[in-house]
Amino acid sequence: MEAVANYAFLLGKDGMNQLWESALSTLRPRLSEENYRTWLEPLQLEGMEDGKVTLRIPNRFYADWISSHYLDLILESLCREAGVDALEVEWSVDESLQAQLDEKAERARIRGEDAQRRRESVTPPAASSATPEDNGLNPKYRFSNFIVGPSNQLAHAASVAAASSPGTRYNPLFIYGGVGLGKTHLVNAIGHRVMQDKPDARVLFLSAERFTNEFIWALQNHRINEFRERYRTRCDVLCIDDIQFLAGREQTQEEFFHTFNALYHSDRQIVVTSDVYPQQIKEMEERLISRFQWGLVADIQAPELDTRIAILRKKAEQEQIHLADDAALAIAQHVASNVRELEGTLLRLAVKAELLKREIDLEFCNEALGTVAPRVPEKQTTVEDIQRATCDYFNIRLADLKSHRRHRAISFPRMVAMYVCRQRLKLSYPDLGDRFGGKDHTTVMSAVKKIGGLLEKEDADVRIAVAAIERKVGLG
């Protein structure tokens with residue numbers, strides 16, 4: 001290691017720069033040009049002393065990302081160029097580098113806008129005018145007809161904020177939740193609000209499946225440049241529905257990664273939806289998962305009874321269906337988990353009522369839904385039920401389970417209980433944190449990920465414990 005210190009001393013500043021450039025030159029062919037410019041080009045070699053190399057970085061995120069993806073390559077190249085066996089790395093955050101990155105991104109954005117204006121100035125009006133159908137938005141889905149309740153309040157507020165200041169607040173915005181809970185509605189509403197405030201805004205809404213199909217078509221037909229221009233340059237707001245569809249599609253993920261970077265660094269709004277939390281999307285690249293969490297991640301849960309009734313009334317008003325209050329209650333009690341199913345049930349009842357010349361009242365609903373009275377939901381399993389079952393199984397006290405004790409005899413049962421609650425009750429991470437003695441939501445996320453990982457590895461103890469607790473509360 002002493003040779004490293006002497007070597008660095010003899011090189012001086014110019015020599016150090018030359019060493020760094022030489023090391024980078026050996027790395028450049030091994031990375032894509034986009035990855036090289038994004039991650040390695042901003043780095044600077046500050047010094048080498050006592051077996052340690054100090055690298056200057058724009059922010060702490062670079063340290064985490066490079067450590068996970070490129071650090072081995074960098075150190076290998078530096079050791080080879082310096083003629084040493086091993087080096088350790090230290091990070092030095094330099095805010096001036098961040099300022100340079102921001103300035104570079106701003107110049108790129110201005111160049112993109114200038115290029116777009118030049119294209120528009122030479123394009124005939126008939127060819128440049130976009131029809132409303134081009135953006136893929138559904139005209140029915142707007143904020144004005146979205147029913148807000150406790151289950152979707154955060155996602156709605158974040159969507160309104162993102163639509164009001166696209167590219168500056170909550171970018172990207174990641175909305176996740178089960179099927180039929182309103183994710184697509186919110187994303188479409190964002191697009192409509194942006195276009196309402198700025199009619200010339202270029203908004204694109206599409207599913208991840210369509211993005212994949214268009215990408216494949218562009219490759220097959222040698223139109224990839226047009227594809228990239230559409231999504232990276234001629235787009236102010238990109239909304240991708242069901243992003244989990246990209247899982248396992250490496251080439252499409254690579255393309256979306258670069259599209260994401262181009263839009264993000266140009267302050268263009270990105271909105272994506274998924275049926276699960278980002279880290280729970282299997283076969284999705286870590287670099288994409290990391291980016292999904294740069295902005296805000298908001299979940300949508302199944303609507304409460306009052307929210308379901310409000311949804312039914314709003315739908316009935318839109319479709320001009322006369323719906324009695326007690327009938328709305330009966331339907332809302334009968335369909336408890338899915339907004340799409342809830343609205344579909346109302347429409348089916350409306351068709352049947354019209355054929356039979358009947359009113360949609362309580363009696364009609366009881367007959368049509370196969371009940372003799374408004375369906376009373378079965379006793380719902382609660383967090384407390386799962387906590388008590390966990391304590392019984394592991395023979396610990398409830399007070400210990402909710403405590404901040406970190407002994408494995410307590411922390412492991414706590415993680416199992418959190419996992420079962422999250423998977424079976426679909427509660428949000430912050431809510432679960434509160435129910436487990438005021439834990440931070442990141443603690444709950446870590447616990448769920450830990451137990452899920454052990455189950456994927458077929459850990460027998462974890463599998464048996466989870467199954468036993470679920471049986472105790474009637475979920476097995």
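Criteria and thresholds
- Residues numbered from 1 in each chain as written.
- Predicted model: local features only at pLDDT ≥ 70, side-chain atom pairs only at ≥ 80, totals over all residues.
- Heavy atoms only, no water.
- Pairing = 2+ DSSP bridges.
- Helix = DSSP H or I, 4+ residues; strand = E, 2+ residues; numbered from the N terminus.
- Axes fitted to C-alpha atoms, helices over the stretch in contact; angles between N-to-C directions.
- Parallel < 35°, antiparallel > 145°, perpendicular 65-115°, else oblique.
- Left-handed = near helix turned anticlockwise from the far one by under 90°.
- Contact = heavy atoms within 4.5 Å.
- Nonpolar A, V, L, I, M, F, W, Y, C, P; charged D, E, K, R; others polar.
- Salt bridge = Lys/Arg side-chain N within 4 Å of Asp/Glu carboxyl O.
- Buried < 20%, exposed > 50% of the residue type's maximum accessible area, 1.4 Å probe, protein only.
- Phe/Tyr/Trp six-rings, centres within 6.5 Å; stacked < 30°, edge-to-face > 60°.
- Core = buried A, V, L, I, M, F, W, Y, C linked by side-chain atoms within 4.5 Å.
- Polar contact = N/O pair within 3.5 Å; in protein donor to acceptor, adjacent residues only side chain to side chain.
- Expected span 1.5 Å × (residues − 1).

Caption draft 1: Structural detail: the sheet that holds strand β8 (residues 296-300). The five strands lie next to each other as β5-β6-β7-β4-β8, forming an open sheet whose pairing is parallel. Edge positions in the sheet fall to β5 (203-207) and β8, since each has one partner strand and no second. The average undirected angle you get between the axes of adjacent strands in this sheet is 15 degrees. In this structure, strand β4 (residues 173-177) lies alongside β8, joined through five bridges in parallel fashion. Of the residues in β8, the one forming a bridge with leucine 173 is leucine 296.

Caption draft 2: Summary view of unusual backbone geometry. Cis geometry is found at the peptide bond from asparagine 171 to proline 172, where omega equals 0 degrees. By secondary structure assignment, the location of proline 172 is in the loop between α7 (153-164) and β4. The phi torsion at histidine 222 lies on the positive side, around 55 degrees, for a residue other than glycine. Structurally, histidine 222 can be placed in the loop between α9 (208-220) and α10 (224-233). Of note, asparagine 395 is a non-glycine position whose phi angle comes to about 60 degrees, a positive value. Checked against the element boundaries, asparagine 395 lands in the loop between α17 (383-394) and α18 (398-401).

Caption draft 3: Main features of the packing of helix α19 (residues 408-425) against helix α22 (residues 460-472). In the contact formed by α19 and α22, the axes pass within 10 Å of each other and the chain directions differ by 60 degrees. Between α19 and α22, the angle falls in the class oblique. α22 is crossed by α19, and the crossing has right-handed handedness. Side by side, α19 and α22 meet where Phe412, Val416, Tyr419, Val420 and Arg424 of the first sit next to Val462, Val466, Ile469 and Glu470 of the second. Grouping the constituent residues of the contact of α19 with α22 by class yields seven nonpolar, no polar and two charged.

Caption draft 4: View of the pattern of salt bridges. Across all of its chains, the model carries 24 salt bridges by this definition. We note a salt bridge from glutamate 319 to lysine 315, for which the minimum N-O separation is 3.5 Å. By relative accessible area, lysine 315 is classed as buried at 14%.

Caption draft 5: Spotlight on the sheet that holds strand β1 (residues 44-49). Pairing is mixed in the open sheet, where three strands are placed in the order β1-β2-β3. What marks the edges here is a single partner per strand, and that holds for β1 and β3 (88-93). When strand polarity is set aside, the average angle formed by the axes of neighbouring strands in this sheet is 25 degrees. In terms of strand pairing, strand β2 (residues 52-57) meets β3 through six bridges, oriented parallel. Paired with leucine 55 across the strands is tryptophan 91, a residue of β3.

Caption draft 6: The arrangement of the packing of aromatic side chains in detail. Applying the stated criterion across every chain, the model contains 15 aromatic pairs. Geometrically, the ring pair formed by phenylalanine 227 and tyrosine 231 is tilted, given 4.9 Å between the ring centres and 55 degrees between the ring planes. Here phenylalanine 227 and its partner tyrosine 231 are both found in helix α10, four residues apart, which amounts to about one turn of the helix. Just as phenylalanine 227 is buried, tyrosine 231 falls in that class too. Ring geometry for phenylalanine 394 against phenylalanine 412: centres 5.9 Å apart, planes inclined by 90 degrees, an arrangement best described as edge-to-face. Here phenylalanine 412 lies in helix α19 and phenylalanine 394 lies in helix α17, a separation of 18 residues in the sequence.

Caption draft 7: Spotlight on the nonpolar core. Counting residues in each nonpolar core, the largest one holds 83 residues, and the members touching the most others are Ile74, Leu238, Ile240, Ile243 and Phe256. When residues of this core are assigned to their parent elements, the largest contribution, eight residues, is made by α19. When near neighbours in sequence (up to four residues on either side) are disregarded, isoleucine 240 contacts Leu206, Ser207, Ala208, Phe211, Phe256, Val271, Val272 and Thr273. Judged by nonpolar contacts, the second largest core, of 24 residues, contains Leu173, Leu181, Ile190 and Ala201.

Caption draft 8: Quick peek at the packing of helix α13 (residues 305-318) against helix α14 (residues 325-334). Between α13 and α14, the shortest axis-to-axis distance is 9 Å and the interhelical angle comes to 120 degrees. As far as their axial angle goes, α14 and α13 are oblique. Note that α13 runs across α14; the crossing there is right-handed. Contacts between α13 and α14 involve Leu305, Arg308, Ile309, Leu312 and Arg313 from the former and Asp325, Ala328, Leu329, Ile331, Ala332 and Gln333 from the latter.

Caption draft 9: Geometry of the pairing of β2. Relative to β2, β1 is paired through five bridges, and the arrangement is antiparallel. Within β2, the position partnered with methionine 48 by the bridge is valine 53. Once β1 ends, the chain turns through two residues before running back antiparallel as β2, passing aspartate 50 with a positive phi of about 55 degrees.

Caption draft 10: Quick look at the side chain of threonine 273. With respect to the helices, strands and loops of the structure, threonine 273 is situated in strand β7 (residues 269-274). Looking at threonine 273, its side chain comes within polar contact range of the main-chain nitrogen of aspartate 242, at 2.9 Å. Once residues within four sequence positions are removed from consideration, threonine 273 is found in contact with Ile175, Lys183, Val187, Ile240, Asp241, Asp242, Ile243 and Gln244.

Caption draft 11: Summary view of α7. Counted at 1.5 Å a residue, the expected span for α7 with its 12 residues is 16 Å, and the 17 Å between its end C-alpha atoms agrees. For α7, the set of buried residues is Ala155, His156, Ala158, Ser159, Ala161, Ala162 and Ala163. Packing partners of the buried residues in α7 comprise β4, α8 (183-197), β7 and β8.

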